[in-house]
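Residues per chain are reported as follows:
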Amino acid sequence: MLETKNDTITLAFTQPQNKCSIGVGAIIRKQNQILLVQEANGPVRYSWAFPAGLLQENETIQAGITREIQEEIGVDSQYKSIIFFGQQPQSRWGKQDFYFGCEVEIFKDEFKICQNELLDCKWWNIDQIHQLALTPITRIGLPFIL
């Protein structure tokens, strides 16, 4: 279920055993660069991606993206807007994944990555990104941000 109230979007799960997941990814820009993280686990290990994660039950997109950025790269951030919506029929969690790519502002460039989830965190020039091994959902989002 999707609810909107006071410019806040809340996605509520209606069944205890969901057949889908809802992910959020942070599009973080600095001049002609985009911040990407390198995944440490699963079939996307070594691939580059937007800092991202899954929403928790009844969590807003705004709260979820802020939490995920803090957990993954250790910085405070502010949600700006949704840039794109993507879908993966079969994500790495074995569920259909609905994904919101969100423009986000961060307040410092000193990152402390979650070593259980990530190998690296790096600013990439926009013209370099197409040459990287990217996660599928990151590749889906590229046309909307370049």
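Structural notes, computed from the coordinates. All values reported here derive from a predicted model rather than from experimental measurement.

Digging into the side chain of Ser77
Tracing the sequence through the fold places Ser77 in strand S8 (residues 77-88). Judged by relative accessible area, which is 11%, Ser77 ranks as buried.

Notes on the sheet that holds strand S7 (residues 52-54)
The strands making up a sheet associate through backbone hydrogen bonding, with each pair oriented either parallel or antiparallel. The strand order across the open sheet built from four strands is S7-S3-S9-S8, with neighbouring strands paired in mixed fashion. Taken across any chain shown, the strands that pair with only one partner, and hence form the sheet edges, are S7 and S8. In this sheet, neighbouring strand axes are inclined to one another by 25° on average, regardless of whether the strands run parallel or antiparallel. Alignment of S8 against strand S9 (residues 96-106), held across ten bridges, turns out to be antiparallel.

Quick notes on the side chain of Arg67
Inspection of the secondary structure puts Arg67 in helix H1 (residues 61-73). Of the residues examined, Arg67 reaches a relative accessible area of 16% and is grouped as buried. If sequence neighbours within four positions are ignored, Arg67 has contacts with Leu54, Leu55, Gln56 and Glu59.

Examining the pattern of salt bridges
Applying the stated rule across the entire model yields five salt bridges. Of the charged contacts, one joins Glu68 and Arg67 as a salt bridge, the two residues approaching to 3.0 Å between their closest N and O atoms. This pair shows no difference in class: Glu68 is buried, exactly as Arg67 is.

Focus: the nonpolar core
Counting 19 residues, the largest nonpolar core has Ile28, Ile65, Ile69, Ile73 and Val104 as the members making the most contacts within it. Elements supplying a minimum of two residues to this core: strand S3 (20-27), strand S5 (33-39), H1, S9 and strand S10 (118-125). Not counting residues up to four positions away in its chain, the partners in contact with Ile65 are Val24, Gly25, Ala26, Pro51, Tyr79, Cys102 and Val104. If you look at the next biggest cluster of nonpolar residues, it comprises 15 residues, including Ile34, Leu36, Trp124 and Ile137.

The rules behind these values
- Residues numbered from 1 in each chain as written.
- Predicted model: local features only at pLDDT ≥ 70, side-chain atom pairs only at ≥ 80, totals over all residues.
- Heavy atoms only, no water.
- Helix = DSSP H or I, 4+ residues; strand = E, 2+ residues; numbered from the N terminus.
- Buried < 20%, exposed > 50% of the residue type's maximum accessible area, 1.4 Å probe, protein only.
- Pairing = 2+ DSSP bridges.
- Axes fitted to C-alpha atoms, helices over the stretch in contact; angles between N-to-C directions.
- Contact = heavy atoms within 4.5 Å.
- Salt bridge = Lys/Arg side-chain N within 4 Å of Asp/Glu carboxyl O.
- Core = buried A, V, L, I, M, F, W, Y, C linked by side-chain atoms within 4.5 Å.

By themselves, these are just geometric observations and shouldn't be taken as functional.
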